[in-house]
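Tertiary structure, described
As a plain string of letters, each chain reads:
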Amino acid sequence: MKRVKYLKIDRGRYNYQRRVPKHLQPLFEETTWCRPCGNVTYAKAVQLVVGWAEEDDAFIDRMKDPTKFQSFKTNKRREHEDSEREFILPPTENYVPIVRIYGDLISPELIKRPFWRYAIQEIRLLDYLRNPAQPYKPELSTLALLHK
């Protein structure tokens, strides 16, 4: 019986598993592409895996062209930046907008400070919440309100 390329069988489940080419790994931040085939028969799994392999082969061939590679890289970066720039509240005179950065809600006043100082304040707040006997700094109260 001939082995099907990129078909991985693990405890009766079928998966498409393929290494990401070295030049594409920084874009995807992973070393393997894995897709489950679902609850299907072996014949259907082979059909799915062969189709996915053809699509990925075509994609890898397109990425060998430097202009297409650069445009894909630019689009991927823009998607990432757009997801990071998600504003929760619009700016007005009455309240300050809160920005979502890496999943955390952060006030713009905190963004003006270097991130290492923000991290130190965050750690001090967590230490205070763990041990209230420590001296507490009032400027951290805004962080406490943001995280509630």
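These remarks concern the structure in this document. (Residues numbered from 1 in each chain as written. Predicted model: local features only at pLDDT ≥ 70, side-chain atom pairs only at ≥ 80, totals over all residues. Heavy atoms only, no water.)

1. Considerations on the overall build of the chain
- Tallying secondary structure elements over the chain gives six helices and five strands in all.
- Written out in order from the N terminus, the α and β elements of the chain read β-β-α-β-α-α-β-β-α-α-α.
- Of all 148 residues assigned to the chain, the portion counted as buried reaches 24%.
- At a minimum sequence separation of 6, the contacts of the chain that also span at least 24 residues come to 36%.
- For the chain, the accessible surface area stands at approximately 11500 Å², while carbon and sulfur atoms represent 55% of it. (Helix = DSSP H or I, 4+ residues; strand = E, 2+ residues; numbered from the N terminus. Buried < 20%, exposed > 50% of the residue type's maximum accessible area, 1.4 Å probe, protein only. Contact = heavy atoms within 4.5 Å. Areas by Shrake-Rupley, 256 points an atom, 1.4 Å probe, with all protein chains shown as cover.)

2. Focus: the pattern of salt bridges
- Scanning the model with the defined rule gives four salt bridges in all.
- Across the pair arginine 11 and aspartate 10 runs a salt bridge, and its minimum N-O distance is 3.6 Å.
- Measuring nitrogen to oxygen at the nearest pair gives 2.4 Å for the salt bridge that ties aspartate 57 to arginine 18. Separated by 39 residues along the polypeptide, aspartate 57 in helix H2 (residues 42-62) and arginine 18 in strand E2 (residues 13-19) bring together distant segments of the chain.
- Judged by relative accessible area, aspartate 57 falls into the partly exposed class, the value being 33%.
- Judged by its relative accessible area of 8%, arginine 18 is buried. (Salt bridge = Lys/Arg side-chain N within 4 Å of Asp/Glu carboxyl O.)

Take it as geometry only, folks, not as evidence of what the structure does.
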